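Survey of secondary and tertiary structure
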Amino acid sequence: MELVTAVAVGFLFAIGVFQMLRRNVIRSVIGLMILANAVNLFLLSTGAYDGLAAAYTTATDMRSDALPQALILTAVVISLGGTAFVLAMLYIISSRYQTADMDEVNGLKN
Amino acid sequence: MTDPTLLWPILLILAAASIAAVAGLPALNRRLSITQLSWILALAPLSAAVLLVLRVPQANDGTVFTWQWTWLPALNLNLGLYVDSLSLLFGLLVTIIGTLVVVYAGQYFKGDQSAWRFLTYLLLFMASMLGIVMAGDVLTLFIFWEGTSILSFLLVAYKYQYEEARNGAFRALFITGGGGIALLAGLLFVSYAAGSTEFATILSSGDVLRSHDFYLVMLGLVAFGAFTKSAQWPAHIWLPGAMSAPTPASAYLHSATMVKAGIYLMARMNPALGFTDAWFWLLTIFGGITMLAGAYLGLKQHDLKGLLAYSTISQLGVLMMLIGQDVPEAYKALVIGVIAHAFYKSALFLVAGIVDHETGTRDLRRLGGLRKVMPYTFAAGTLAALSMAGLPPMFGFLAKETLLVTVTNMPPVVAGVIRWSTVLAGSLMLAQAGLFIWETFMGQTKDPDVHGHEAPWPMWLAPMIPAGLSLVLSILPGPKEEASFLAAAAQAAYGTKVKVSTVLFHGLTVEFLLSLVAISLGFGLFVFRHRVRAWQTAVLPDMSFNKLYVWVLAAIDWASEWATRLQQGRLRPYLLIMLSATAVLVFAFSWRTFSVVSLGSWPGLNLDDELDLLRLFALLVVVGASLMSVILVRDFNAILAFGAAGLSMGLLFALEPAPDVALVQIVVDILSVVILVLALTRLPRRQRRKAQEVAVILRYSRWSILRDTAVAGAVGLLVTLITLTALTDRPRESVVTPYFAANAKTLTGATDIVGAIVVDFRALDTLLEITVFGMAGLGIYTLLRHAAQKHGDNRAVEDGEGTAVSDRQATYGISGMRTSAFVRVPAFVSLPLSLMLAATHMMYGHNQPGDGFTAGVVISLAVALWYVVFGYEETRRRLPWLRATSFVAAGVLLAVITGSVAALITGNFLGNVDFTAGWAFMPNGFHISTSFLFEVSICLAVLGGAARMLNSLGHPEGRDRD
């Protein structure tokens, strides 16, 4: 399963990066969110052991590792905030340059 | 010996600098004239000088005063002072001449009430300069060193209205600042090799340093710093440019003190780096060229200050040369030369300042005959000029003669070259001294418009004192204290005992004869000065080495232009470069550490295991849906594909099993899709279509697609390898989780370990996180409000594509579309339902899946549905209680209050307290505890932040009631 997970994380990363490199701003935001997914998947799979039951104190079976889960929990929400913020900035860029094409945004220089 | 009062001189001067700055306040500035101010301020360097003099007797006996302040003990970095006779010698020059210059400046700027700025800079410079010569380790030295460069810049550019001043200041800073960087590198090498940044250690580890592999690098870098600071050829060009500073600054910085910093540094480092052939040749060659170039160029100047600047350069070359010689006499000459030059040159500068101040010109071609109207100035100038000329009985004579003595122990050719260059330079200097006095004070005025009158007494007294000192110190028949002080200073620089005598006449020696030759030659040059100067101008009209500086600047400009060509100002190329660089670098440096486990030992995929099969399915969906988001042409479809991928992520989490995460992932995913779609409607379709590349993949942008695929593939491969390494090498036993699992119930009362970690064990993290989330929402609001005001809304420029809607139309739902009752009724129902759901999540979050995050996002989803169904205006009207900003504030505030109350009760911020323990009426399993209240605040903050995002992205130009 490790191999499959690793390859999947790699694929997601590649897709995210590819999307971020698109000229269409909406696509680059989608790329950013796919990257967030990839990272969360990575975090999940770093759990020290594979559990059979949810991480409750009442569980009798082998519990899943609670620590990465707590990390992901916050990461998921934070990445939503970050994405929304990026969207707002893209909106400003598009209204300022009258374009949704990243290549036409050239105000970084000068 | 350790001496905490060592800091006093510097502190005194810093205090004076602050007084000068305070005197700039209008209220004070009106009452206190600059002259009065300068009298008060002069007390500081005066008392500093006294403090230093008091240490002289002990220092003569070889005592070294030290003081240290531990700065960064972990890095073994200290700030320290180290004061021996050499430091005292320079320190006394800095403070004594400093006192005179402050008084003089008060007269020079009389009536100019804005000159407090000048005095502030001057005193700050004085403190830095004192810091250099008293520094006890290389870091302290470097900090003060840079301080003098910066203050020199400020002083040269004091009259910043003039372009000349700005250029001169920039050039000085460029050259000395560049030298400073080299010096820092050199000093770091030295302290690395010596094993300490402290001078005490460095000075005693000379043998280690000299035999070190990097000795030449250290020497080169340190010398580069010292040469630029002390205006050695060819870096000397900044000094004439710095003459656009007000004359008091020129007298102080650019003749007496700052330019001596390089001399001091080399003298200080001599025991550590000196006594090698490289040292000798480096200092002798550069010093010699500087000596000759300065003396030669000085003679052709018409500007009084320009003449003095070049003769200063020449003298600095002499001093640098002396440090290079491995004979005790050289160091004797060095200490005498430093004092002599500081005294006579500052006096001459001050005289030039008086002439300029009283007549309005510094041009030798216009001045003349001033001796009658300015007798005292004339007297001071003549004394100093005699000293500069190297005539007996002045101090300068001693210096010159000692210089001639030093070359006795050398190979004849080298000795001859040095000796005769010295004679030549000496004669040129004599001619310049004569020129200075004669053309200014003697004869008749050359320009009838130039009238002068005597300056007020404090003004002429200021040059008179150093000029007189240079006479007194040499005429007095060798006072014992003076000689032993100079000997001690020379010894500190040289390392072994140096005998210093200040007796003028040693009998009829070769040196004396050479002195006579120099003097006669100088007189000859002086008598034929007009012809010599005309010849100089004719033969080498432009020999100022300024071209070099211009070329260096041009080369730097060219290089930076070339480098910035990469900087296209577009985001995608940056991203491409950064990502490929990261991939290449990580591959290059860590491919060995990737765990390349043999295929056999990989835990294989067990397809009989249903759980694994399900996971495989979920992973496939995640990857496949993400891939679809690339391939699908329409943005809307791509967003939906992304949403599918997110839902499948939720499935993966559920399979872990991680129910809390799965829940949050699913609701957040839906909310993300809603926000993305909202944002999509904000970007005009025409713009997006223009940017649409995927549609034309096969047609024209094939190369860029290939390139992006390659980069993305490389990054993906890298991440795969990293993940694989992380997964195969991870510890099979968690260090922290067992603690959380064991203590969740007892410490927090929660059976949900993940929930316990989020709201209890790591509660502070969560508090910060909800703050960040809320801030993101508020940030979006601010950004979009700003944009809406500044650039107008996108929709205003949209031309008839159907997405443009007015606010009135917006009441009919998103994009002005009428919604049917079948949609509206579920929307009405969903909001209260979501509130109930949220409430149960918060109440039972610590025993069941779900928590405050889920609660907040669920309510936000219901609100989002309202936006879609009823439109912005209608939703705002129907839900007046939805005040996003207040919710964020309330959430964070509630969390802080709860945490503080808990802190009062348990002693831990956000520690677990059950406020309703033992109450009979509570529903089963529900307690109002800190956990619950914290869940509520999380919910509030998330709801507020999310609502803010929905509002702003859905309706950026909207006026808001918050």
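Heads up: these notes are all about the structure in this document. Values in this document were obtained by computation on a predicted structure and should not be read as measured data.

Turning to the interface of chain B and chain A, a few remarks are in order. If you look at the interface, chain B gives 116 residues, while chain A gives 87 residues. Between chain B and chain A, roughly 9000 Å² of surface is buried when both sides are summed, and carbon and sulfur atoms account for 72% of that area. Connecting chain B to chain A are 2 salt bridges. Here Asp708(B) ties to Arg22(A) by a salt bridge, and the two come within 2.2 Å at their closest N and O atoms. At 14 residues, helix H31 (residues 702-729) of chain B tops the list of elements feeding residues into the side of chain B that touches chain A. Of the residues contributing to the side of chain B that touches chain A, the split by class is 69 nonpolar, 26 polar and 21 charged.

We now examine the packing of helix H3 (residues 66-97) of chain A against helix H33 (residues 753-761) of chain B. Where H3(A) meets H33(B), the closest approach of the two axes is 9 Å, and the angle between their N-to-C directions is 55°. Of the possible angle classes, the one that applies to H3(A) and H33(B) is oblique. Crossing of H3(A) over H33(B) shows right-handed handedness. Packed against H3(A), whose contacting residues are Ala66(A), Leu67(A), Gln69(A), Ala70(A) and Leu73(A), the element H33(B) presents Ile753(B), Val754(B), Ile757(B) and Val758(B) at the interface. Of the residues in the contact of H3(A) with H33(B), the class split is 8 nonpolar, 1 polar and no charged.

As a further point, take the packing of helix H7 (residues 138-156) of chain B against helix H13 (residues 247-256) of chain B. Residue and element names in this part refer to chain B. Across the interface, H7 lies against H13 with an axial gap of 11 Å and an inter-helix angle of 155°. Taken together, the axes of H7 and H13 lie roughly antiparallel to each other. Here H7 and H13 pass one another in a crossing that is left-handed. Mapping the contact onto sequence places Ser152, Leu155 and Val156 in H7 and Ala249, Leu253 and His254 in H13.

Quick reminder: α-helices carry 3.6 residues per turn. Residues three or four places apart thus point the same way. The first and last C-alpha atoms of helix H8 (residues 163-194) of chain B sit 45 Å apart over 32 residues, in line with the 46 Å expected at 1.5 Å per residue. After H8(B) finishes, the residue Gly195(B) shows a positive phi value of roughly 80°.

Below, the discussion takes up the pattern of salt bridges. When the charged atoms of two side chains lie near each other, side chains of opposite charge can form a pair. Residue and element names in this part refer to chain B. Taken as a whole and assessed by the stated rule, the structure comprises 12 salt bridges over all chains. Across the pair Arg362 and Asp356 runs a salt bridge, and its minimum N-O distance is 3.6 Å. By relative accessible area, which is 22% here, Arg362 ends up partly exposed. Judged by its relative accessible area of 16%, Asp356 is buried. Taking the shortest distance from any N to any O, the salt bridge between Asp765 and Arg762 comes out at 2.8 Å. Owing to a relative accessible area of 41%, Arg762 belongs among the partly exposed residues under this scheme.

We now examine a nonpolar patch on the surface. Residues and elements named next belong to chain B. A cluster of nonpolar side chains, namely Leu893, Ile897, Val901, Leu904, Ile905 and Phe915, defines an oily patch on the protein surface of about 590 Å² accessible area. Considering the arrangement of structural elements, one finds Ile897 in helix H40 (residues 884-906). Residue classification places Ile897 among the partly exposed residues on the basis of a relative accessible area of 47%.

All names here are of chain B. Here Ser128 is to be found in helix H6 (residues 116-134). On the basis of relative accessible area, Ser128 is assigned to the buried category, the value being 9%. With sequence-adjacent residues up to four places away left out, Ser128 is seen in contact with Phe144, Gly147, Thr148 and Leu151.

So, how was this worked out
Residues numbered from 1 in each chain as written. Chains lettered and ligands numbered in written order. Predicted model: local features only at pLDDT ≥ 70, side-chain atom pairs only at ≥ 80, totals over all residues. Heavy atoms only, no water. Contact = heavy atoms within 4.5 Å. Buried area = accessible area lost by both parts, 1.4 Å probe. Salt bridge = Lys/Arg side-chain N within 4 Å of Asp/Glu carboxyl O. Helix = DSSP H or I, 4+ residues; strand = E, 2+ residues; numbered from the N terminus. Nonpolar A, V, L, I, M, F, W, Y, C, P; charged D, E, K, R; others polar. Axes fitted to C-alpha atoms, helices over the stretch in contact; angles between N-to-C directions. Parallel < 35°, antiparallel > 145°, perpendicular 65-115°, else oblique. Left-handed = near helix turned anticlockwise from the far one by under 90°. Expected span 1.5 Å × (residues − 1). Buried < 20%, exposed > 50% of the residue type's maximum accessible area, 1.4 Å probe, protein only. Patch = residues over 30% accessible without salt bridge, like charges linked within 9 Å, V, L, I, M, F, W, Y side chains within 5 Å. Areas by Shrake-Rupley, 256 points an atom, 1.4 Å probe, with all protein chains shown as cover.

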